[in-house]
Amino acid sequence: MLNDLKYLTAYLVPVFCIIGIALKGGFLFLTPVIIFGLVPLLELVMPQVTDNLEEDERSRKLSTKFFDVLLWLNLPIIYGVLFYGIYSYAFSPYSTAETIGLIFSLGIVTGSNGINVAHELGHRQESWERFLGKALLLPSLYMHFYIEHNYGHHQKAATVDDPASARYNENIYAFWLRSVPNQYINAWKIQRQILKSQNQSFFSLNNDMFWYQIIQFNYLLIAGLIFGWQVSLLLIAVAIVGFTLLEIINYLEHYGLQRKKKKSGRYEVVRPVHSWNSNHALGRILLYELTRHSDHHFRASKKFQVLDHHEISPQLPYGYPTMMVIALFPPLWFSLVNKRVPREMVSF
């Protein structure tokens, strides 16, 4: 039971952000320095944990509400930190450097505790949990992710038809430019297909994509009316940082891997070998086991606390936080990762 408390570590990200906002100055860079500086250094010396749960422990974890509450609490935390940040920015002087620090700090929170948790909740069976997930996507202005990820990515992952799957020798910057607009376009296409299958008009009130645009626009409008238009611009910058973190993780998760196409024209089913995995302990805890991505794609409805390690999955040399930094330097990324891509799965 005490071992379950390790996931409280994920709350340190908003805690560091709050400390930075309170102390200002150089402390506004505390969050990015720790998450992308100290954490990667710690991951170099911390062990990988490849053990899978015994059946009785698996059953206990699935029946324990603690893990669900951990996720739910991110909603008030995210919005509380955001409010504190924009209130501080609106009513106290900020230098250019401090503004940059605030943007990156809030962006990291909306990415790690926002989009990451939204991803987990978006796969839940309960509609109200999926609603929480969508609310967590709002600060990153990426609500379309719910549709594209669940109805697009999970069907097309590790294929050339999926904008969120990075190709072999594609650098992170080219991937970002391809993935961001194409995922948005795909979300509209998927929404149209869903409505068509339900014999509903594209202009139906049940078109969620329309609602997402209205909600996101009003989020920025209300913030601007209350705190000033500079705050709306700040929130847009925060959102860009937040969804950029998501796209870097997308880059890691399927880089260079491709499912084979059958004679029928259909792709083979998604298997653990089609996603990169990482068992580095600190990254696993901070990201609610997102790093065991192979098992997530194998069984998308499986809760984070019981995800398994698969020996056949390609393994990243370091944890996700470390690999996110490495991805920013394409020559280093290619030298470390290309040789680990199974030759028979290389995507071109």
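Computed from a prediction, not measured in an experiment: that's the story for all the values here. (Residues numbered from 1 in each chain as written. Predicted model: local features only at pLDDT ≥ 70, side-chain atom pairs only at ≥ 80, totals over all residues. Heavy atoms only, no water.)

Once that is clear, we can look at the packing of aromatic side chains. In this structure the tally under the stated criterion is 26 aromatic pairs. Look at Tyr 251 and Trp 333: their rings are 5.1 Å apart centre to centre, the planes differ by 45°, and that puts the pair in the tilted class. In this pair, Tyr 251 is assigned in helix α11 (residues 229-254) and Trp 333 in helix α15 (residues 330-337), connecting sequence segments 82 residues apart. Summarising the burial analysis for this pair, Tyr 251 and Trp 333 share the class buried. Among the aromatic residues, ring-to-ring pairing joins Tyr 168, Phe 175, Tyr 251, Tyr 255, Trp 333 and Phe 334 into one connected group. (Phe/Tyr/Trp six-rings, centres within 6.5 Å; stacked < 30°, edge-to-face > 60°. Helix = DSSP H or I, 4+ residues; strand = E, 2+ residues; numbered from the N terminus. Buried < 20%, exposed > 50% of the residue type's maximum accessible area, 1.4 Å probe, protein only.)

The next subject is a nonpolar patch on the surface. A cluster of nonpolar side chains, Leu 38, Leu 41, Leu 42, Leu 44, Val 45 and Met 46, forms an exposed patch at the surface whose accessible area comes to about 550 Å². Mapped onto the fold, Met 46 is located in the loop between α2 (30-45) and α3 (55-63). By relative accessible area, which is 32% here, Met 46 ends up partly exposed. (Patch = residues over 30% accessible without salt bridge, like charges linked within 9 Å, V, L, I, M, F, W, Y side chains within 5 Å. Areas by Shrake-Rupley, 256 points an atom, 1.4 Å probe, with all protein chains shown as cover. Salt bridge = Lys/Arg side-chain N within 4 Å of Asp/Glu carboxyl O.)

In this numbering, the UniProt entry assigns the feature "domain: Fatty acid desaturase" (unreviewed entry) to residues 102-324. As a span, residues 102-324 carries 59% helix and 0% strand, and end to end its C-alpha atoms are 20 Å apart. (UniProt positions renumbered as here; feature names shortened; annotations may be inferred.)

The bulk of non-glycine residues show a negative phi, and the bulk of peptide bonds are trans. Here the phi dihedral of Asn 199 falls at roughly 55°; this positive angle occurs in a residue that is not glycine. Of note, Asn 199 is situated in the loop between α9 (172-197) and α10 (208-227). Overall, Asn 199 belongs to the exposed group, its relative accessible area being 74%. The backbone phi angle of Glu 289 is positive, close to 65°, even though this residue is not glycine. Among the structural elements, Glu 289 can be located in the loop between α12 (281-286) and α13 (293-298). Given a relative accessible area of 3%, Glu 289 falls into the buried group.

The next subject is the UniProt feature "transmembrane region" (unreviewed entry) in the protein. The UniProt record marks residues 12-45, 66-87 and 318-337 with the feature "transmembrane region" (unreviewed entry), using the residue numbering of this structure. Helix makes up 82% of residues 12-45 and strand 0%, and the two end C-alpha atoms of the span are 20 Å apart.

This part covers the environment of Ser 232. Tracing the backbone shows Ser 232 in helix α11. Taking the relative accessible area as the measure of exposure, Ser 232 reaches 8% and is therefore buried. Among all residues touching Ser 232, those that are not within four sequence positions of it are Leu 220, Ala 223 and Gly 224. Among the polar contacts listed, one links the side chain of Ser 232 to the backbone oxygen of Leu 220, at a separation of 2.7 Å. (Contact = heavy atoms within 4.5 Å. Polar contact = N/O pair within 3.5 Å; in protein donor to acceptor, adjacent residues only side chain to side chain.)

Within the fold, Ser 59 resides in helix α3. Accessibility expressed as a relative area gives 40% for Ser 59, which makes it partly exposed. Sequence separation of Ser 59 and Val 306 is 247 residues, and the distance between their C-alpha atoms is 8.9 Å.

A few words on the pattern of salt bridges. Summed over the entire model, instances satisfying the criterion amount to 16 salt bridges. Where salt bridges share partners, they join Glu 55, Arg 58, Asp 295, Arg 299, Lys 302 and Asp 308 into one cluster.

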